[in-house]
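# Coordinate inspection notes
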Amino acid sequence: MSAQEWMTSFDIAKRLAMVQDKMLFVMWEESTEYEFPVVFNNTEGHKVYTDLFEDERVNQAIWEYFIPVKLPETSYEVLFNKIKDTRSSRYIEKFQDDSIKIMDVNGNILNTIDVTSYEFNITSFIKKYRLNTSYLKQELVNYSKKKNFTTSFNLAKKYLDYAILSHKEPRKEIIALSRIYFDEAKRILASDTMETKEWFPQKVELLRIKEQLILNQPRKSRRQLKKIDENNILKVNQSLYAFLQYTTFKLLKDDINAGQWESKLSLVDLKKAELIIKNNKK
C-alpha cells in the first residue's frame, strides 16, 4: 500500500481536524524535502532508527491521531502577520523553525516546549500530543463560526478545563494554549467601545490561580488568594473563588478549612476539584 500523502491545503486540513476531533501535525513544506531522523518504537517495543518521511509505519501512526499538513512557504506572510504582535518570542521561533508544530483547528501551536533529547522519539511525541478534542467540540465550532469576546473567552475556559482531563505531559502546554484565547478575548474587549465586562479582569486573575492548582502549585495559589479581599469578589466570580479556596486547601491537606467552602461548590465544580486532586497525587 502506498503512503498516504500529507495535506497541502491548510483550510481543508483544519476542517477535517474539526470533524475528526484531532490536532494538526504541521511542517513547512520545504523542511519536508530533507531527511528527518527519528526513533520509532516498533510493535515489539524495540527502537528503530528511521526517517519521518520515508517510513510508512510512522506515516500511518501520524494519520491515525493527527491531520498532517505541509504548509507552503507562500502562506508564511499571511500566517505570520496574524501572530507577530500577539505572541511570545518563543512562540514566534517555533512558528518559524523547521520542526513539527502541533496545532489546534484554529492554527494555534500547542507544542511550544522544545525537545532537548539528542534523538527524536516520534512514538513518544505522538503519544504525548495525540489529543482527542471532542471535549472542546462545541466551543471550537462556535469560535470557527464567529470570533468574538464570548467565543474566545469560552474556548479559553474550556481549554483550561481540558488541561484537567488530559494526561500530565502536555498539561502545561494546554494551559499556555488557553492563555492565547484569554489574551485574544482581552484584546477584543479592549477594542469594543460599546461593551464593558467589569468582572473580566478579576475573572482572569482567579483563573490564573486555577492554572496553578492544575499544575500542582497549591502553596503559590494560597499566597495569591491571601492577597485578595473576599469582600471585593464580584457575585459572578464567587463560585470560582470558592472553588479555588476549596481545592487549594484540599491539596494542602487542610480538610478543616476546605470543609468551610465545600457547600458553596456545585457538583460539577466538586468533580473538577476531585480530578485536580487526583491528578496531583500521581
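Above this text sits the structure in question.
Here is a short report on the structure shown in this document. (Residues numbered from 1 in each chain as written. Predicted model: local features only at pLDDT ≥ 70, side-chain atom pairs only at ≥ 80, totals over all residues. Heavy atoms only, no water.)

## Here's the deal with the environment of Gln60
Counting through the fold element by element, Gln60 comes out in helix H2 (residues 56-65). The spacing of Gln60 and Phe249 is 189 residues in sequence and 46 Å in space, taken between C-alpha atoms. (Helix = DSSP H or I, 4+ residues; strand = E, 2+ residues; numbered from the N terminus.)

## A few points about the nonpolar core
Grouped together as the largest cluster of nonpolar side chains are 87 residues, with contacts concentrated most on Leu24, Phe25, Leu52, Ile100, Ile102, Ile122 and Tyr159. When residues in this core are grouped by element, the largest group, nine residues, is from helix H7 (residues 149-165). Here Tyr159 is in contact with Asp104, Leu136, Leu140, Ile174, Leu177, Ser178 and Tyr181, once residues within four sequence places are set aside. (Core = buried A, V, L, I, M, F, W, Y, C linked by side-chain atoms within 4.5 Å. Buried < 20%, exposed > 50% of the residue type's maximum accessible area, 1.4 Å probe, protein only. Contact = heavy atoms within 4.5 Å.)

## Structural notes on the sheet that holds strand E5 (residues 101-103)
Backbone hydrogen bonds hold the strands of a sheet together, and the pairing may be parallel or antiparallel. In space, the three strands of this open sheet follow the order E4-E1-E5, with mixed pairing throughout. This sheet does not close on itself; its edge strands, each paired only once, are strand E4 (66-71) and E5. Ignoring strand direction, the axes of neighbouring strands in this sheet form an average angle of 30°. Where H2 meets the sheet, it contacts strand E1 (23-28) and E4, and its direction lies at approximately 110° from that of E4. (Pairing = 2+ DSSP bridges. Axes fitted to C-alpha atoms, helices over the stretch in contact; angles between N-to-C directions.)

## Topic: the packing of helix H3 (residues 76-83) against helix H4 (residues 89-96)
The relative placement of two packed helices is expressed as an angle between their axes plus a distance between the axes. Two elements in contact, H3 and H4, have axes whose closest approach is 11 Å; the angle formed by their N-to-C orientations is 170°. One element, H3, and the other, H4, form an angle in the roughly antiparallel class. In contact with Tyr76, Leu79, Phe80 and Ile83 of H3, H4 contributes Tyr91, Ile92, Phe95 and Gln96. The residue makeup of the contact of H3 with H4, split by class, is seven nonpolar, one polar and no charged. (Parallel < 35°, antiparallel > 145°, perpendicular 65-115°, else oblique. Nonpolar A, V, L, I, M, F, W, Y, C, P; charged D, E, K, R; others polar.)

## Some points on the side chain of Ser152
Here Ser152 lies in helix H7. Its relative accessible area of 0% is what places Ser152 among the buried residues. Only 2.9 Å separates the side chain of Ser152 from the side chain of Glu184, close enough to count as a polar contact. Apart from residues no more than four positions distant in its own chain, Ser152 is found in contact with Tyr143, Lys147, Tyr181, Glu184, Ala185 and Ile188. (Polar contact = N/O pair within 3.5 Å; in protein donor to acceptor, adjacent residues only side chain to side chain.)

## A closer look at the pattern of salt bridges
When the charged atoms of two side chains lie near each other, side chains of opposite charge can form a pair. Considering all chains together, one arrives at 13 salt bridges under this definition. We note a salt bridge from Glu211 to Arg179, for which the minimum N-O separation is 2.8 Å. Of this pair, Glu211 sits in helix H9 (residues 200-214) while Arg179 sits in helix H8 (residues 171-191); the two residues are 32 residues apart in sequence, bridging distant segments of the chain. The partner of Arg208 in a salt bridge is Glu211, with the nearest N and O atoms 3.2 Å apart. Of this pair, Arg208 and Glu211 both sit in helix H9, three residues apart, which is roughly one turn of that helix. Using a relative accessible area of 4% as the deciding quantity, one classes Glu211 as buried. Through salt bridges that share partners, Arg179, Asp183, Arg208 and Glu211 make up one connected network. (Salt bridge = Lys/Arg side-chain N within 4 Å of Asp/Glu carboxyl O.)

## A few points about the pairing of strand E3 (residues 47-51)
As paired elements, strand E2 (residues 37-41) and E3 share five bridges and run antiparallel to each other. Its bridge partner being in E3, Val38 is matched across the sheet by Thr50. Turn length for the E2-E3 hairpin, with the two strands adjacent in sequence and antiparallel, is five residues, and the turn residue Gly45 shows positive phi of about 85°.

## Describing the packing of aromatic side chains
Scanning the entire structure with this criterion turns up 24 aromatic pairs. Plain terms: the ring middles of Phe25 and Phe125 are 6.2 Å apart, the flat faces sit at 90° to each other, and that makes the pair edge-to-face. You can see Phe25 sitting in strand E1 and its partner Phe125 sitting in helix H5 (residues 122-129), a full 100 residues away along the chain. Both residues of the pair, Phe25 and Phe125, count as buried. Between the aromatic rings of Tyr159 and Tyr181, the centroid separation amounts to 5.7 Å while the plane-to-plane angle is 10°, which identifies the pairing as stacked. Remark: Tyr181 occurs in helix H8 and Tyr159 occurs in helix H7; sequence separation between them is 22 residues. Tyr159 sits in the buried class, given a relative accessible area of 2%. Taken together, the ring pairs connect Trp6, Phe25, Phe36, Phe53, Phe66, Phe120, Phe125 and Tyr129 into an aromatic cluster. Directly above the ring of Phe10 sits Lys14, whose terminal nitrogen or CZ lies 4.6 Å from the centroid. Across from the ring centre of Tyr91, 5.1 Å away, lies the NZ or CZ of Arg87, which sits over that ring. (Phe/Tyr/Trp six-rings, centres within 6.5 Å; stacked < 30°, edge-to-face > 60°. Lys NZ or Arg CZ within 6 Å of the ring centre and 35° of its normal.)

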